Amino acid sequence: MTRAALLQMTTGIDPQANAATIADAVAEARAGGAAMLFTPEMSGLLDRKRERGKLSIRSEADDVVLAAVRAAAQREGMWVHIGSLAIEREDGKWANRAFVIDDKGDVRARYDKMHMFDVDLATGESWRESNAYTAGDEVVTVETPLGRLGLAICYDVRFPALFEALGRAGCDVIAVPAAFTVPTGKAHWHLLQRARAVEASAFVLSAAQVGVHEDGRETYGHSLVVDPWGEVLLDMGGADDGGSAGLAFVDLDPERIAAVRAQLPSLANRRAIPA
């Protein structure tokens, strides 16, 4: 069994404060016996007012949250998956970027969110992520203490082709950090997480944002861990049932992956679909 920790957050508009929250969680996760900590999408800054938010968005080299988490990972000897940070690219545009940091504080992998959340919900909420962020175009996997980890972010969960590619890559675990809206979360969050786990015959770990944030938005929460059979091993609760920010632990059995793939070898049976 390998222990993982998930940090459910209510990220605000002050990167320094958010960095301190994550650094404290790294120490707490290490003390609790976790091999790796997972944080949500936009762990370092969540601000729907882009004119204000852009004052805090920096390059990787200058990002205070990334620096603080790398230092904490090195100090505690702990692997960390930062669900994502808003990062200024070399071309001056922004990326919604995930990081995998090893126990020496080195960045082992980066993933830029592929699918931009451009929607108009029936509740009146309207989001245009593509107005600020540039979509990624690379499927990313990396070896970690939990096995081969595949990377996705939030809205990506609605696009099965990405997860088919991660399944073909032999991922043992897939991370889907998120800042899901409440209406879409209530309708689809659990359904999609369980489906992606079953399709890839892999564990899915999804650290999430929760509650009412400083910028006025509300996120769904329900950080989840789903096993390869689609069983929910951890649900941290959310906006609909009093769930709040905090840390939780889950023990993953790597033999569960092999057992499910032997019993239901969907990855081996998959065929190309004709055009």
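Anything mentioned here points back to the structure above.
Residues numbered from 1 in each chain as written. Predicted model: local features only at pLDDT ≥ 70, side-chain atom pairs only at ≥ 80, totals over all residues. Heavy atoms only, no water.

## As for the overall build of the chain
- Along the backbone of the chain there are 7 helices and 16 strands.
- A compact globule built from 275 residues should have a C-alpha radius of gyration of about 19 Å, and the chain, at 17 Å, falls within 12% of that.
- The dimensions of the chain, computed from C-alpha atoms along their principal axes, are 50 × 45 × 40 Å.
- Here the chain, with 275 residues, has 52% of them falling under the buried criterion.
- Counting only contacts in the chain whose residues sit at least 6 apart along the sequence, the fraction spanning at least 24 positions is 69%.
- By element, 48% of the accessible surface of the chain is carried by carbon and sulfur atoms, the whole surface being about 11,700 Å². (Helix = DSSP H or I, 4+ residues; strand = E, 2+ residues; numbered from the N terminus. Rg over C-alpha atoms; globule rule 2.2 N^0.38 Å. Buried < 20%, exposed > 50% of the residue type's maximum accessible area, 1.4 Å probe, protein only. Contact = heavy atoms within 4.5 Å. Areas by Shrake-Rupley, 256 points an atom, 1.4 Å probe, with all protein chains shown as cover.)

## A closer look at the packing of helix α1 (residues 15–31) against helix α3 (residues 64–76)
- Contact geometry for α1 and α3: axes closest at 9 Å, N-to-C directions at 15 degrees. Overall, the two elements α1 and α3 adopt an arrangement that is roughly parallel. As for the relative orientation of α1 and α3, their crossing is right-handed in sense. Residues P15, Q16, A19, I22, A23, V26, A27 and R30 of α1 lie in contact with α3, whose contacting residues are V64, V65, A68, V69, A72, A73 and E76.
- The residue inventory of the contact of α1 with α3, partitioned by class, reads 12 nonpolar, 1 polar and 2 charged. (Axes fitted to C-alpha atoms, helices over the stretch in contact; angles between N-to-C directions. Parallel < 35°, antiparallel > 145°, perpendicular 65-115°, else oblique. Left-handed = near helix turned anticlockwise from the far one by under 90°. Nonpolar A, V, L, I, M, F, W, Y, C, P; charged D, E, K, R; others polar.)

## Details of the packing of aromatic side chains
- Under the counting rule described, the total for this entry stands at 3 aromatic pairs.
- On the basis of an interplanar angle of 80 degrees and a centroid distance of 5.2 Å, the ring pair of Y155 and F159 is categorised as edge-to-face.
- Its relative accessible area of 28% is what places F159 among the partly exposed residues.
- The ring centre of F163 lies 5.8 Å from the NZ or CZ of R196, which sits over that ring. (Phe/Tyr/Trp six-rings, centres within 6.5 Å; stacked < 30°, edge-to-face > 60°. Lys NZ or Arg CZ within 6 Å of the ring centre and 35° of its normal.)

## A closer look at the pattern of salt bridges
- Applying the stated criterion across every chain, the model contains 17 salt bridges.
- Note that E51 and K54 form a salt bridge whose closest N and O atoms lie 3.0 Å from each other.
- The class of E51 is exposed, set by a relative accessible area of 58%.
- D91 is the salt-bridge partner of R89, the closest N and O atoms lying 2.5 Å from each other.
- Given the relative accessible area of 24%, R89 is considered partly exposed.
- What makes D91 partly exposed here is its relative accessible area of 43%.
- One salt-bridge network, in which partners are shared between bridges, spans E60, R97, R110 and D112. (Salt bridge = Lys/Arg side-chain N within 4 Å of Asp/Glu carboxyl O.)

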